[in-house]
Every structure is written in structure tokens, then in C-alpha cells.
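Overview (structure and organization)
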Amino acid sequence: MVINDSIAETALPIATIRAIFSLRVQALDGQKLTVFVLDPRDPVHASFSKDVLGVFPYQLQSAWDRSVFSGASSGPVVVNSETEMLRRVSTTAGGIGYLSLPAAQEGMRILNIQGGNP
């Protein structure tokens with residue numbers, strides 16, 4: 001997981017990460033979050049959903065659909081590649097996303113996960 005430098009946290013509990021990526025939590029310490037995800041058909045997205053969040057991609061999609069339908073959010077920002085994910089997270093205040101391999105660049109850092117998978 002990668003996060004923009006505008007967010008102070010260096011680690012979050014897995015439950016909070018699930019809530020962020022299912023769009024139930026939309027801010028941390030007053031900083032509005034922008035959730036970036038790869039195309040739901042991308043193998044990296046499927047791996048992140050199942051291995052990190054502990055949910056199937058279709059369950060995550062259902063959570064997004066509910067959030068958009070209810071007006072609670074406009075959904076996550078879908079990016080086309082991990083390169084675009086790096087660029088968008090590093091240049092968007094409150095940006096959060098994931099990569100297949102740990103990487104960081106100026107403007108962002110790796111976010112550690114507290115706790116295990118379900």
C-alpha cells in the first residue's frame with residue numbers, strides 16, 4: 001500500500017484499510033482521502049482484494065456501487081497501470097492506493113498494515 005505524504009499515519013489497522021477501500025471511511029485526521037484502484041479485472045487488483053483486504057473483487061465492487069448509489073461517494077478513481085497509480089498517489093493530497101511490489105517516490109510513502117488478514 002502507498003499513501004500520499006499529506007497523510008501523517010505510517011500504519012493503519014487492517015479494519016481501517018478495509019473501510020477506506022470500501023469507501024466507508026473517507027477521511028483520516030481531517031484529510032479527505034482519494035482512493036485509487038486498478039481496473040477490477042487486473043490481477044493485481046484481484047490479489048489486493050483477496051490477499052490484503054480479505055474480500056473478493058466483486059464484494060468490493062458491490063460496496064463501491066452502494067456508496068455511489070446512496071450518494072455517499074463518487075467511487076474510487078480507477079487508474080490504468082501501476083505507473084499511473086504511483087504518479088496519481090504521489091501528486092494527490094490524501095491519495096491512497098496499492099502496488100504489486102513495494103515502491104515509493106517523492107510525495108508518497110509505503111503504508112504499513114497492522115494486524116492480519118481474516
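The structure contained in this document is the topic of the report that follows. (Residues numbered from 1 in each chain as written. Predicted model: local features only at pLDDT ≥ 70, side-chain atom pairs only at ≥ 80, totals over all residues. Heavy atoms only, no water.)

**A word on helix H2 (residues 43–53)**
Looking at H2, one finds that the buried residues are Val44, His45, Ala46, Phe48, Ser49 and Leu53. In this fold, the buried residues of H2 make contact with helix H1 (14–21), strand S5 (34–38), helix H3 (57–70) and helix H4 (82–91). Among the residues of H2, the N-terminal cap falls to Asp42, whose side-chain oxygen and the backbone nitrogen of Val44 are separated by 2.7 Å. The first or second residue beyond H2 is Gly54, which carries a positive phi of 75 degrees. (Buried < 20%, exposed > 50% of the residue type's maximum accessible area, 1.4 Å probe, protein only. Helix = DSSP H or I, 4+ residues; strand = E, 2+ residues; numbered from the N terminus. Contact = heavy atoms within 4.5 Å. Polar contact = N/O pair within 3.5 Å; in protein donor to acceptor, adjacent residues only side chain to side chain.)

**Concerning the packing of H1 against H2**
Taken N-terminus to C-terminus, the directions of H1 and H2 make an angle of 145 degrees; their axes are 11 Å apart at the nearest point. Taken together, the residues of H2 that come into contact with H1 (itself represented by Ile14, Ile17, Arg18 and Phe21) are Phe48, Val52 and Leu53. Residues that form the contact of H1 with H2 fall into these classes: six nonpolar, no polar and one charged. (Axes fitted to C-alpha atoms, helices over the stretch in contact; angles between N-to-C directions. Nonpolar A, V, L, I, M, F, W, Y, C, P; charged D, E, K, R; others polar.)

**Focus on the pairing of S5**
Most of S5 sits inside the fold, with five of its five residues counted as buried. Along S5, one buried face is formed by Thr34, Phe36 and Leu38 and the opposite face, lined by Val35 and Val37, is buried too. Taken together, the two bridges between S5 and strand S7 (residues 95–97) define a ladder with parallel strand orientation. In the sheet register, Val35 faces S7, and the bridge partner there is Ile96. In this sheet, strand S6 (residues 77–79) lies alongside S5 in parallel orientation, the contact comprising three bridges. (Pairing = 2+ DSSP bridges.)

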